[in-house]
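Report on the structure
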Amino acid sequence: MSHRKLMASLALTAVAAGALYSCKPKGAQAAVSGDAAEKAYVAPGKYDEFYNIVSGGFNGQLGIYGIPSGRLFRVVPVFSQSTESGYGFSEETKPMLNTSHGFVPWDDLHHLAISETNGEHDGRWVFVNGNNTPRIARIDLSTFRTAEIIEIPNSAGNHSSPFITENSEYVVAGTRFSVPLDDQNGDVPINTYKQNFRGTVSFIHPDPTTGNMSIAFQIKTPGVNFDLARAGKGKSHGWMFFSCYNTEKANTLLEVNASAKDKDFIMAVNWKKAEEYLKAGKGKKEAVKYAHNVYNESTHTATSTMMNEVTTLDPKECPDMLYFIPCPKSPHGCDTDPTGEYIVGSGKLAALIPVFSFTKIQQAIANKTYDGDYDGIPVIKYDAALYGEVQKPGLGPLHTEFDGKGNAYTSMFVSSEIVKWNIKDLKVLDRVPTYYSIGHLSIPGGPTAKPYGKYVIAYNKITKDRYLPTGPELTQSAQLYDISGDKMKLILDFPTNGEPHYAEAIPASMLMSKQRKIYKIEENMHPFVAKGEGQTKVVRNGNRVDVYMTAIRSHLTPDNIEGVKIGDEVFFHVTNLEQDWDVPHGFAVKGANNAEILIMPGETQTLAFKPDRVGIFPFYCTDFCSALHQEMQGYLRVSPAGSNVALLFSTGKNNGATANPADSSKAKTTKP
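In the nomenclature of an unreviewed UniProt entry, the protein is known as Sec-dependent nitrous-oxide reductase of Flavisolibacter ginsenosidimutans. Recorded in UniProt under Subcellular location (unreviewed entry), the annotation for the protein is "Cell envelope".

Here it is as structure tokens:
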């Protein structure tokens, strides 16, 4: 399509969107059903029915909400430092944010995937993507803490991830930006894109028992942009489907130049075939560099290991592994239904929704019903793969989820609505407005073989006139719809933390009973643990001072420390001796160029402090823990460099240092 035609098309789209928008209810009340409050109300002392795990977008975190109440329970730091928990600030968690580029304390978290067994959520882990500096993280759903992060080499932008296969064999990631691969000379003219830029899709294997991730293999692809993906399930198990755009291979002004063709592609990957090629020795070891960071629950400490090699497969040497299916137009979502038979492509500039049949795709491959090739990869004829098209669904289709009752729900960004349609006859059944410009949507279990078709949640991009204004930026938001009947009903708006992209929801009953309450103090293997107040001490080694400290309601041991000097670096290793649920202690020091640390019961965490001046530096517990929380404090005395003040520590005694002790040349300690 010419530039002129394209702009005309977009203009018509905008006009049509305006027409649809004008038909919406004038206010929230017109769209909310009379029993909405009752359906969303969770009485005090009662639990929500579902956990809703929501990406935080550019805040690099996950939000944990209850459904149907919309209450926010926790924000889980993943790729971003957290001043609330000390994640990324404590010495134990800093390695989690290490990359081949060094310490990167931020990323853009877009999508997530809950682990699956037999195509159903199993509630063990949730995997999330770092979009900017390509990474995949694993969060343990028994602790709601980040357990592992692995960087992805040969990738730039990591938007098309993570997507999980039906028995969690792989977490799959596709690169958004094609670039020269890591073992190639990247110092090339940008306008040589078509010659030098390539894409990859990565297959990351989580250990079935521990969840620990390793990159099993990568597949090299043509230099297109991968947007989203879904694994096959049921009859299509063993396949992955990726939406891709910029098949024009444009490198500038993509809003025009990557929209020139009427159809881009869905890329179908036969990963079972890829496994056969690996066993046959077709994989090649290539030199790369990427970080693999793992948090150890026994030592309460993360380690970062730099990896130097990855195995790649080249489709030119591995036929029958990749296929392209034409899909109009700049496809975004690429979703498989609960049976695995139907693959829904959502072209964000298309006026219809194509639904492809896995059975027909297999027939087309068997019969070689191709429409040529693209960079040597067979292109299946559109009609040969197509089951049918949803006509006039709305404008700007993005994402589709399923209710397990034969219905699909597609978000429409431009016309700002959710459209319900039947998978078999492709007829539109219902549509409801969203407020406004919906992106992703989520049905509990919606991407799996077992959806719980009671609610659909819309994650919106714009909230004008929906909440109290807060300056130039308004809150991000979600909306909850009851889909238990024939018609969708809006029952709740709730604000969200960060910009929500994708989310998944899982029955609360699957997670509540497996929550970790404490870390057993006798199992604490931290090298600086103090398992009781009798083990507390302060040790000098040159300019390094290690404080083995304990915290228990309502005091810190030691709480008087003297003999630290300018030029020293002090490491406060704080062990929380509590063995009771929900009794963390926090720790902070005046003037520390750091955040607080938050220590769970039985855990040890370390805050590093390098004093910049002589004086008294108070420290205290930051998390309200008892009626005497305010008394949970102490003092650190810092003396000039070269001072003769001896190293002393105590709690409940006044063993202060003498002004000029005779043995000042030796470190000296006293027991509390």
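Structure's up, so let's keep going.
A separate point is the sheet that holds strand β3 (residues 72-77). The antiparallel open sheet is built from four strands, whose spatial order is β3-β2-β1-β34. In the strand order of this sheet, the two ends are held by β3 and β34 (503-507), each with one partner. Here the average twist between neighbouring strands, direction ignored, is 20 degrees.

By size, the foremost hydrophobic cluster in this structure holds 29 residues, and its most contacted members are Phe203, Ile219, Met240, Phe242 and Met267. Of all the secondary structure elements, the ones that give two or more residues to this core are β12 (199-206), β13 (213-221), β14 (225-231), β15 (239-245), β16 (264-270), α6 (271-279), β19 (322-327) and β24 (377-380).

Bringing the pairing of strand β6 (residues 109-117) into the picture now. Counting buried residues along β6, eight of its nine residues qualify, which places the element largely inside the surrounding structure. Bridge count for β6 against strand β7 (residues 120-130) is six bridges, and the pairing is antiparallel. Within β7, the position partnered with Thr117 by the bridge is Glu120. Hairpin connection between β6 and β7: a loop of two residues separates the two successive antiparallel strands, and Asn118 in this loop has a positive phi of roughly 55 degrees.

Among the residues making up helix α7 (residues 358-367), those that are buried are Phe358, Ile361, Ala364 and Ile365. One face of α7 carries all of its buried residues, which in axial projection span an arc of 115 degrees. Across from the buried face of α7, at angles greater than 90 degrees, the exposed residues are Ala366 and Asn367. One side-chain oxygen of the residue at the start of α7 lies 3.3 Å from the amide nitrogen of Thr359, identifying that residue as Ser357.

Quick look at the pairing of β16 now. The buried fraction of β16 is high, at seven of seven residues. Bridge count for β15 against β16 is six bridges, and the pairing is antiparallel. Its bridge partner being in β16, Met240 is matched across the sheet by Val269. When β16 meets β19, the two strands line up antiparallel, connected through six bridges. When the sheet's bridge partners are listed, Phe265 is paired in β19 with Pro326.

Moving on to the packing of aromatic side chains. Considering all chains together, one arrives at 26 aromatic pairs under this definition. When the ring of Trp239 is compared with that of Phe358, the centres are 5.9 Å apart and the planes differ by 75 degrees; the resulting orientation is edge-to-face. With a gap of 119 residues between them, Trp239 in strand β15 and Phe358 in helix α7 connect regions that are remote in the sequence. The class of Trp239 is buried, set by a relative accessible area of 7%. A residue is classified by how much of its surface remains accessible, and Phe358, at 7% relative accessible area, is buried. Judged by centre distance (5.0 Å) and plane angle (45 degrees), the ring pair of Phe572 and Phe587 falls under tilted. Residue Phe572 is located in strand β39 (residues 569-576), and its partner Phe587 is located in strand β40 (residues 585-589); the two are separated by 15 residues in the primary sequence.

Quick notes on the rules
Residues numbered from 1 in each chain as written. Predicted model: local features only at pLDDT ≥ 70, side-chain atom pairs only at ≥ 80, totals over all residues. Heavy atoms only, no water. UniProt positions renumbered as here; feature names shortened; annotations may be inferred. Pairing = 2+ DSSP bridges. Helix = DSSP H or I, 4+ residues; strand = E, 2+ residues; numbered from the N terminus. Axes fitted to C-alpha atoms, helices over the stretch in contact; angles between N-to-C directions. Core = buried A, V, L, I, M, F, W, Y, C linked by side-chain atoms within 4.5 Å. Buried < 20%, exposed > 50% of the residue type's maximum accessible area, 1.4 Å probe, protein only. Arc of directions from axis to C-beta. Polar contact = N/O pair within 3.5 Å; in protein donor to acceptor, adjacent residues only side chain to side chain. Phe/Tyr/Trp six-rings, centres within 6.5 Å; stacked < 30°, edge-to-face > 60°.

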